[in-house]
Amino acid sequence: MPLPSFSILPKPAQNIFFLRRRAREDLRTANLRINTMLADYGDVVPRRDFEVLEASCKSLEAELEAQRTDHFTLIQEHDTLQATYKELSSERDQLADELAQLKRSATPRPEWSRCGRYLKGGAERWAEASAGCSSEKMVDVLLAEIAGVDVSEIQQGASFQAKGLGAEVPRHLRAEGTIRNKRYGKKEACKLISGFWKHRLAATDTTQPLDECLFDYLMSVSGSEEALAVEEGYNLLDACSRLDHEPHVSLFREVLCEELDESVFHSWLTAQTHLFEALGQQAEEESVVSEAVLAEVLRAQCPAKPPEHVNALVASAVQHASVQDGKINFLTLSTQAAEDQPGPFALLLLEQSRRESREFVAEIANSLTGRSDVTLAEVQAVIESLDPSTPQVQMASALSRAFGIPAGQVGAAGDASSPLTALLSRLQSMCVHRSGPRPM
């Protein structure tokens, strides 16, 4: 049915029709605008979201820039490490070649730790002395240990400082200024020591102090030049301090410094003389005895000597004397090991004598334990109980020197007293020992 003409419609209907058409146009316009807006602003976000995203973007950009900076730094460091690695590899290859060449041709580095096995004090002493030292200083330390001096003397080559001219200074050391250090070795020291003892034995005045007697001897070997004699005295004393491990050198030094009585040396010589005389009487042939005879004579001459000491002396004789067909030529026992030096048998005899003396004095000390002062009668009683075979003459001599009284007055001086420590020191200095076997 056709629509009625707009003009014939009533007024209200016309308004409705007009409004509907207008609404349709507005709707079309609105849809067009919406479509245009969707087309133009479809990717647009709200400002709030945009600001949040913008802040996040800036943060990520800053982080990215930091990462780029770190990455660039790492690249530079990596390049530097690669260059260093190449240099070190080249240096390593060069050092490996040098090492191979040194292994073929160079002297091996010394194993310094081995020195501690042979020096006094052992590995701990050597480790302490050589700590932080170069190889050159190690040599100085080793020389100082061998020589028995301070390492500064080795490094500086020092001379001796004279002790002065006072009366308290031994005669052979009286001088002023500095004294030349001639670095005497064993040969030079033993020559002077042997010469001195010969001079002492030949002297008519046996009461002359040892330091004056030594000075006289040094004057005789120095052409009566006092400066040269004193120089010899200082160098001899220095050599003795370095060679103190040698029994005869130690004996000379201790006697000279009054640490030992001179009678110890004379007793040593007398023991050797009596031993060789007894061997001569027992010899089957001229100066030849068997091991059994030697042991028998040793036990007869030294009845207080322990069996192990006798066996050690026999073994030393077999080792160092001339032996043929199981027979010992005992005269070769008195032969010196080197010029002016006693032989091994004589040195062993000296070492044993001093050891036996220390043991005997220790027994006396044990018998007097708890006493601060002791009387002559008490000491005599102790010695007689420990060694009943002690001759009275020997007993009187020992007690007179131990208590500082004349030998003829020992019998009447039983109440004489002395501090125990001082008494034991004096007995030790006289090398007092047993005269017979231990009482059963």
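Residues numbered from 1 in each chain as written. Predicted model: local features only at pLDDT ≥ 70, side-chain atom pairs only at ≥ 80, totals over all residues. Heavy atoms only, no water.

(A) Broad picture of the pattern of salt bridges. Under the criterion given, the structure shown has 14 salt bridges. In this structure, Arg22 engages Asp26 in a salt bridge whose closest nitrogen and oxygen atoms are separated by 3.9 Å. Of the two residues, Arg22 and Asp26 both sit in helix H1 (residues 11-41), 4 residues apart, roughly one turn of that helix. In this structure Asp26 comes out as partly exposed when scored by relative accessible area, which is 44%. Here Asp238 ties to Arg242 by a salt bridge, and the two come within 3.0 Å at their closest N and O atoms. Residue Asp238 and its partner Arg242 are located together in helix H8 (residues 226-242), separated by 4 residues, close to a single helical turn. (Salt bridge = Lys/Arg side-chain N within 4 Å of Asp/Glu carboxyl O. Helix = DSSP H or I, 4+ residues; strand = E, 2+ residues; numbered from the N terminus. Buried < 20%, exposed > 50% of the residue type's maximum accessible area, 1.4 Å probe, protein only.)

(B) Representation of the nonpolar core. Grouped together as the largest cluster of nonpolar side chains are 60 residues, with contacts concentrated most on Phe196, Leu214, Leu236, Leu251, Phe252, Leu279 and Leu294. For this core, the secondary-structure elements that each account for two or more residues are helix H6 (186-202), helix H7 (210-221), H8, helix H9 (247-256), helix H10 (263-282), helix H11 (291-301), helix H12 (307-320) and helix H13 (344-367). Beyond its immediate stretch of four places on either side in the chain, Phe196 contacts Leu210, Cys213, Leu214, Tyr217 and Phe252. Counting 22 residues, the second-largest nonpolar core is a separate cluster that includes Phe360, Ile364, Val374 and Leu424. (Core = buried A, V, L, I, M, F, W, Y, C linked by side-chain atoms within 4.5 Å. Contact = heavy atoms within 4.5 Å.)

(C) The side chain of Arg200, seen in detail. One can find Arg200 in helix H6. If we skip the residues at most four places from it in the chain, Arg200 touches Asp205, Thr206, Gln208, Pro209, Leu210, Cys213 and Glu262.

(D) Up close: the sheet that holds strand S4 (residues 322-324). Here we have 3 strands laid out as an open sheet, ordered S3-S5-S4, and antiparallel in their pairing. Of all the strands in the sheet, the pair left with one neighbour each is strand S3 (288-290) and S4. If you compare each strand with its neighbour and ignore which way they point, the axes differ by 35° on average. Two elements, S4 and strand S5 (residues 327-329), share 3 bridges in a ladder whose sense is antiparallel. (Pairing = 2+ DSSP bridges. Axes fitted to C-alpha atoms, helices over the stretch in contact; angles between N-to-C directions.)

(E) Focus on the environment of Ser287. On the secondary structure map, Ser287 appears in the loop between H10 and S3. With 44 residues separating them in the primary sequence, Ser287 and Leu331 have C-alpha atoms 6.1 Å apart. Ignoring anything within four residues of it in the chain, the contact list for Ser287 reads Ile328, Asn329, Phe330 and Leu331.

(F) Expanded view of the packing of H13 against helix H14 (residues 376-386). Taken N-terminus to C-terminus, the directions of H13 and H14 make an angle of 120°; their axes are 10 Å apart at the nearest point. The orientation of H13 relative to H14 falls into the category oblique. Like other packed secondary-structure pairs, H13 and H14 cross with a definite hand, here right-handed. On H14, the residues that touch Phe360, Glu363, Ile364 and Ser367 of H13 are Val382, Ile383 and Leu386. (Parallel < 35°, antiparallel > 145°, perpendicular 65-115°, else oblique. Left-handed = near helix turned anticlockwise from the far one by under 90°.)

(G) The packing of aromatic side chains, seen in detail. As enumerated under the stated definition, the model contains 6 aromatic pairs in all. Look at Phe196 and Trp197: their rings are 5.2 Å apart centre to centre, the planes differ by 50°, and that puts the pair in the tilted class. Given the relative accessible area of 7%, Trp197 is considered buried. Taking 5.6 Å as the distance between ring centres and 70° as the angle between the ring planes, the aromatic pair formed by Phe196 and Phe252 counts as edge-to-face. Placement of the pair is Phe196 in helix H6 and Phe252 in helix H9, with a sequence separation of 56 residues. Take Phe196 and Phe252: they sit in the same class, and that class is buried. (Phe/Tyr/Trp six-rings, centres within 6.5 Å; stacked < 30°, edge-to-face > 60°.)

(H) Geometry of H8. For H8, with 17 residues, the first-to-last C-alpha span of 25 Å sits near the 24 Å given by 1.5 Å per residue. Taken across its 17 residues, H8 has 12 buried, putting it largely inside the fold. Taken together, the buried positions of H8 are occupied by Ala229, Val230, Glu231, Glu232, Gly233, Tyr234, Asn235, Leu236, Asp238, Ala239, Cys240 and Arg242. (Expected span 1.5 Å × (residues − 1).)

(I) Looking closely at the confidence of the model for the chain. Here the chain averages 82 in pLDDT, and 90% of its residues register 70 or above. Per-element averaging of pLDDT across the chain places helix H5 (residues 151-156) at the bottom with 59 and helix H2 (residues 47-105) at the top with 91. (pLDDT = per-residue confidence, 0-100.)

(J) Region of interest: the state of the cysteines. A full pass over the atoms with the stated rule returns 0 disulfides. Not engaged in a disulfide, the cysteine Cys213 finds its nearest cysteine sulfur in Cys240; these two sulfurs lie 15 Å apart. (Disulfide = S-S within 2.5 Å.)

(K) Representation of unusual backbone geometry. Notably, Ser224 is not glycine yet its phi reads approximately 60°, a positive angle. Along the chain, Ser224 turns up in the loop between H7 and H8. Even without a glycine there, the phi angle at Glu258 is positive, about 60°.

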